[in-house]
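# Reading the structure
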Amino acid sequence: MENKEAGTPPPIPSREGRLQPTLLLATLSAAFGSAFQYGYNLSVVNTPHKVFKSFYNETYFERHATFMDGKLMLLLWSCTVSMFPLGGLLGSLIVGLLVDSCGRKGTLLINNIFAIVPAILMGVSKVAKAFELIIFSRVVLGVCAGISYSALPMYLGELAPKNLRGLLGTMTEVFVIVGVFLAQIFSLQVILGNPEGWPVLLALTGVPALLQLLTLPFFPESPRYSLIQKGDEAAARQALRRLRGHMDLEAEVEDMRAEAQAERAEGHLSVLRLCALQSLRWQLLSIIVLMAGQQLSGINAINYYADTIYASAGVEAAYSQYVTVGSGVVNIVMTLTSAILVERLGRRRLLLAGYGICGSACLVLTVVLLFQNKVSELSYLGIICVFAYIAGHSIGPSPVPSVVRTEIFLQSSRRAAFMVDGAVHWLTNFIVGFLFPSIQEAIGAYSFIIFAGICLLTAVYIYVVIPETKGKTFVEINRIFAKRNRVKLPEEKKEETIDAGPPTLSPAKETLF
């Protein structure tokens, strides 16, 4: 045992992590089965919406011998679209219970039920002549997406070594974007976006879930979950050996022990206690700002306005779907670029650059929309602004928050933090989708000035508050925030007690003695 004169033993140097086959395949299985289907369902109803509305109308006519009026159709279609984020909100509220009781991997596996069942229901909805099955399935798919959006980054962030945490953390958004892109491809009228093909288009969402059920059981559970929450160090070491491909695990295990010690001192946190705890105040505020900024910065509005901008530039309606596919390519390329750069440039730089590009694009787009009737050439600049905005959002605001939200919380508070994070994400998603048409109708192109302002405020907060987390352990990041929160960590208090030496008598008692 080390004596006091020997001092604290130096930390064990950590070995640089590599993307071993087991780690790579576990990432692909988890991300494809969870994030991909989230992105797919986010986009699949957009392009062929006229086909779905036609099915709703025909079904209604067969039941009532009359077609729907415009208000009823608008109500049903609004339910079809808005039930997805509301389901996501519900999923984000139950994910904490699942990841604690079933584990990270177990939660992802159970969650596939919420993808396969609605895929079957939507696939048979045309034969059953029941559009209600589509609306109900969208709620269930939203629950699936809400669980995935929290459980997947948690699983990938805890599997990864610290030097690959950024790369693996961005995989959530990479596969969401790939899902959106393939939904755009399959939704083309010449493929499945037609009256004959749409049941297959909707049912395809069950394929990634089925593949995950067949592959993910062969990969390890999160070693941090095994050691810190279950106290099973043997299982954690076995998982680390498979994920790292070597036996030199002491540094990583020691880091987990330090985190476990911090958790024992802090206790297991509920959402209410998380919100009241001073030691996590800035972390909590940071994820709220990051997730709200991601949704309120205008990405959904850009997608909503895109067809109008393309039409004003002379793109015919029949070809605008192909321009949309082109924007999807930009989205994928820039998200992959972010995944490559996040461990080189860091999280802060990508976030600040992304919000800077998005805010600038919104300002220029406001000018374009105001003056394109007078200067027709400006309409082409509008298309450039849309593509620039998508590129900016894809390099920072979309993928990087998934990395940061995993890094700034320890195991004890991560569950509650992800519940808050998911609730903010889905609630702001719903608010934008629900309110933007009314805002756009009221103030028109000036609505993009609001989005530019949100981009600016979010960037300022990131610059002032959020530290660079690249290459740091979870415990090191916790120490940085402890200083900002003006609290002392339990181990720091313990060190102060040791440095002070054995307890001494008060001066008065010393004099008497």
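The name given to the chain in an unreviewed UniProt entry is Solute carrier family 2 member 7, and the organism recorded there is Papio anubis. In the Subcellular location (unreviewed entry) part of its UniProt record, the chain is described as follows: "Membrane". Per UniProt, the chain carries the Sequence similarities (unreviewed entry) text "Belongs to the major facilitator superfamily. Sugar transporter (TC 2.A.1.1) family."

Below, the discussion takes up the overall build of the chain. A tally of regular secondary structure across the chain gives 25 helices and zero strands. For the chain, the share of sequence-separated contacts (at least 6 apart) that also reach a separation of at least 24 residues comes to 82%. Only carbon and sulfur atoms are counted for the fraction: they give 66% of the accessible area of the chain, which is about 23,000 Å².

This part is about the pattern of salt bridges. Going through the model one piece at a time under the given rule, you end up with 15 salt bridges. Arg414 is paired through a salt bridge with Glu158; the nearest N and O atoms lie 2.8 Å apart. Of the two residues, Arg414 sits in helix α21 (residues 411-443) while Glu158 sits in helix α6 (residues 132-159), which places them 256 residues apart along the sequence. For Arg414, a relative accessible area of 0% gives the class buried. Residue Arg405 is joined to Asp421 by a salt bridge in which the shortest nitrogen-to-oxygen separation is 2.3 Å.

The relative placement of two packed helices is expressed as an angle between their axes plus a distance between the axes. At a minimum axis distance of 9 Å, the contact between helix α4 (residues 113-123) and α6 shows a crossing angle of 160°. In this view, α4 runs roughly antiparallel relative to α6, as classed from their interaxial angle. In this structure, α4 crosses over α6, and the sense of that crossing is left-handed. Between α4 and α6, the contacting residues are Phe114, Ala115, Pro118, Leu121 and Met122 on the first element and Leu133, Ile134, Phe136, Ser137, Val140, Leu141, Val143, Cys144 and Ile147 on the second. Of the residues that constitute the contact of α4 with α6, the class distribution is 13 nonpolar, one polar and no charged.

With that out of the way, let us pick up the packing of aromatic side chains. Going through the model one piece at a time under the given rule, you end up with 16 aromatic pairs. With centroids separated by 5.3 Å and ring planes inclined at 50°, the aromatic side chains of Tyr38 and Trp426 adopt a geometry described as tilted. Placement of Tyr38 in helix α1 (residues 21-43) and of Trp426 in helix α21 is noted, with a sequence separation of 388 residues between them. For Tyr38, a relative accessible area of 5% translates into the label buried. On the basis of an interplanar angle of 50° and a centroid distance of 4.7 Å, the ring pair of Phe55 and Trp198 is categorised as tilted. Of this pair, Phe55 sits in helix α2 (residues 49-64) while Trp198 sits in helix α9 (residues 198-203), and the two are 143 residues apart along the sequence.

With that settled, the discussion passes to the packing of α6 against helix α20 (residues 400-407). At a minimum axis distance of 9 Å, the contact between α6 and α20 shows a crossing angle of 70°. Here α6 is positioned roughly perpendicular relative to α20, judged by the angle of their axes. The handedness of the crossing between α6 and α20 is right-handed. Packed against α6, whose contacting residues are Tyr149, Ser150, Pro153, Met154 and Gly157, the element α20 presents Ser402, Arg405 and Thr406 at the interface. Across the contact of α6 with α20, the residue classes tally to three nonpolar, four polar and one charged.

Along the chain, Ser222 falls in the loop between α10 (206-215) and α11 (223-229). In this structure Ser222 comes out as buried when scored by relative accessible area, which is 0%.

Within α20, eight of the eight residues are buried, leaving the element largely enclosed by the surrounding structure. Restricting attention to buried positions, one finds in α20 the residues Val400, Pro401, Ser402, Val403, Val404, Arg405, Thr406 and Glu407.

Our next topic: unusual backbone geometry. The phi dihedral of Ala65 is positive, around 60°, even though this residue is not glycine. When you line up the elements, Ala65 lands in the loop between α2 and α3 (70-111). Of note, the phi angle at Lys129 is positive, near 55°, even though the residue is not glycine. Relative to the helices and strands, Lys129 resides in the loop between α5 (125-128) and α6. Judged by relative accessible area, Lys129 falls into the partly exposed class, the value being 45%.

What follows covers α2. Given a rise of 1.5 Å per residue, 16 residues ought to cover 22 Å, and the 22 Å separating the end C-alpha atoms of α2 matches this to within 8%. Within the span of α2, buried status applies to Val51, Phe52, Phe55, Tyr56, Thr59 and Tyr60. Buried-residue contacts for α2 involve α3, α5, α6 and α9. Trailing α2 by a residue or two, Ala65 shows a phi angle of about 60°, which is positive.

Let's shift gears to the nonpolar core. Counting residues in each nonpolar core, the largest one holds 112 residues, and the members touching the most others are Tyr56, Tyr155, Leu274 and Phe448. Ranked by residue count, the leading element in this core is α6, at 13 residues. When residues of this core are assigned to domains, at least three map to each of domain 1 (19-219) and domain 2 (269-488). Ignoring any residue separated from it by four or fewer positions in sequence, one finds Tyr56 in contact with Met68, Met73, Leu76, Trp77, Thr80, Phe131, Ile134 and Ile135. Ranked by size, the runner-up nonpolar core spans eight residues in total, among them Leu227, Ile228, Leu249 and Ala260.

Turning next to the confidence of the model for the chain. Regions with low pLDDT should not have their predicted coordinates read in detail. Scored by pLDDT, the chain comes out at a mean of 85, with 88% of its residues at no less than 70. The lowest-confidence element of the chain is helix α25 (residues 507-512), averaging 33 in pLDDT; the highest-confidence one is α4, averaging 96. In this model, residues 495-500 is a region of pLDDT below 50 whose contacts with residues beyond four sequence positions or in other chains number three contacts. For residues 502-513, every residue scores under 50 in pLDDT, and the model assigns this stretch two contacts once sequence neighbours within four places are set aside.

About the cut-offs
Residues numbered from 1 in each chain as written. Predicted model: local features only at pLDDT ≥ 70, side-chain atom pairs only at ≥ 80, totals over all residues. Heavy atoms only, no water. UniProt positions renumbered as here; feature names shortened; annotations may be inferred. Helix = DSSP H or I, 4+ residues; strand = E, 2+ residues; numbered from the N terminus. Contact = heavy atoms within 4.5 Å. Areas by Shrake-Rupley, 256 points an atom, 1.4 Å probe, with all protein chains shown as cover. Salt bridge = Lys/Arg side-chain N within 4 Å of Asp/Glu carboxyl O. Buried < 20%, exposed > 50% of the residue type's maximum accessible area, 1.4 Å probe, protein only. Axes fitted to C-alpha atoms, helices over the stretch in contact; angles between N-to-C directions. Parallel < 35°, antiparallel > 145°, perpendicular 65-115°, else oblique. Left-handed = near helix turned anticlockwise from the far one by under 90°. Nonpolar A, V, L, I, M, F, W, Y, C, P; charged D, E, K, R; others polar. Phe/Tyr/Trp six-rings, centres within 6.5 Å; stacked < 30°, edge-to-face > 60°. Expected span 1.5 Å × (residues − 1). Core = buried A, V, L, I, M, F, W, Y, C linked by side-chain atoms within 4.5 Å. Domains from an automatic or database assignment. pLDDT = per-residue confidence, 0-100.

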